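Residues per chain are reported as follows:
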Amino acid sequence: MNERETGEQAFTPALGRAEFTRIYDFAIRLLTREQVWRSALLKQVGPRNDETILDVGCGTGTFAIMLKQKAPKAQIVGLDPDPEVLALAGRKAESKGIDVKWRQGFARDTTRTPAAYDKAVSSLMFHQMPMAEKRVGLKAMFNALRPGGELHIADYAHQPDRNMRRLFRWTVQRIDGVEDTQPNADGALEEMLAELAGEKVMPVRVVRTLTGAISLFRLTRPQ
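Parameters and conventions
- Residues numbered from 1 in each chain as written.
- Predicted model: local features only at pLDDT ≥ 70, side-chain atom pairs only at ≥ 80, totals over all residues.
- Heavy atoms only, no water.
- Helix = DSSP H or I, 4+ residues; strand = E, 2+ residues; numbered from the N terminus.
- Expected span 1.5 Å × (residues − 1).
- Buried < 20%, exposed > 50% of the residue type's maximum accessible area, 1.4 Å probe, protein only.
- Phe/Tyr/Trp six-rings, centres within 6.5 Å; stacked < 30°, edge-to-face > 60°.
- Axes fitted to C-alpha atoms, helices over the stretch in contact; angles between N-to-C directions.
- Parallel < 35°, antiparallel > 145°, perpendicular 65-115°, else oblique.
- Left-handed = near helix turned anticlockwise from the far one by under 90°.
- Contact = heavy atoms within 4.5 Å.
- Nonpolar A, V, L, I, M, F, W, Y, C, P; charged D, E, K, R; others polar.

Peer 1: Could you give me a rundown of helix H5 (residues 131–143), with the residues and numbers involved?
Peer 2: Taking 1.5 Å of rise per residue, the 13 residues of H5 would be expected to cover 18 Å, and the 19 Å separating its terminal C-alpha atoms lies within 8% of that figure. Residues of H5 that are buried include every one of Glu-133, Lys-134, Gly-137, Leu-138, Ala-140, Met-141 and Phe-142, and no others.

Shown next as structure tokens:
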């Protein structure tokens, strides 16, 4: 794993190394049953035309574009610290004639616009972040929601059995390292979401993949 810097903060590039960014879409499609979990996440988010939705850690823009295709009149904002993937996302959206607002920044930066979004979503980002940033980022996303707004997360969380833990170790942890990813495998994401919700949080769905289990979560901000 290597890190890149934006301003004063470092981030882990897609697939762990900057030189792998160009093959990110192919790798995710090949190894994670992408169509299954992204389709489930899209159905779970249920974007509507009157909503403003934030995709944090949007990467190359695949899911932000799916949101816009599902709800063409919705305002979709894609946020990512990596200018390279944002450029790829912009070109991808332009080739499809789709208008998404792309912004450079970290999950923690969503605190700059409190109560601004109907829904906030993140996929395959939090497992790469240091523990302190996981906690700050989740709280910032939750606070960026309007009352009654929804937080949706699809990521590697608690790995439910030996086989999933083994696959996670052989793939994700070899690419992204152990220090930041192990807390997710041990259930840290569920614990942090429970802190926000004030109660135990269980995944809506768990998708078993060649890289470990990907869990989908949904939280609603109180009115």
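Peer 1: Account for the packing of aromatic side chains, naming residues and giving values.
Peer 2: Applying the stated criterion to the full structure yields one aromatic pair. With centroids separated by 5.4 Å and ring planes inclined at 55°, the aromatic side chains of Tyr-156 and Phe-168 adopt a geometry described as tilted. With Tyr-156 in strand E7 (residues 145–156) and Phe-168 in helix H6 (residues 162–170), the pair connects residues that are twelve residues apart, well separated along the chain. A relative accessible area of 4% places Tyr-156 in the buried class. Classification of Phe-168 as buried rests on a relative accessible area of 1%.

Peer 1: Go over the packing of helix H2 (residues 34–45) against helix H3 (residues 62–70) with me, naming the residues and quoting the values.
Peer 2: Working note: a packed helix pair is described by the angle between its axes plus the distance between those axes. Relative orientation of the contacting elements H2 and H3 amounts to 50°, with a least axis distance of 11 Å. With respect to H3, the element H2 is oriented oblique. Regarding H2 and H3, the two cross each other, and that crossing is right-handed. Residues Glu-34, Arg-38, Leu-41, Leu-42 and Val-45 of H2 form the contact with H3, whose own contacting residues are Thr-62, Phe-63, Met-66, Leu-67 and Lys-70. Split into classes, the residues belonging to the contact of H2 with H3 amount to six nonpolar, one polar and three charged.

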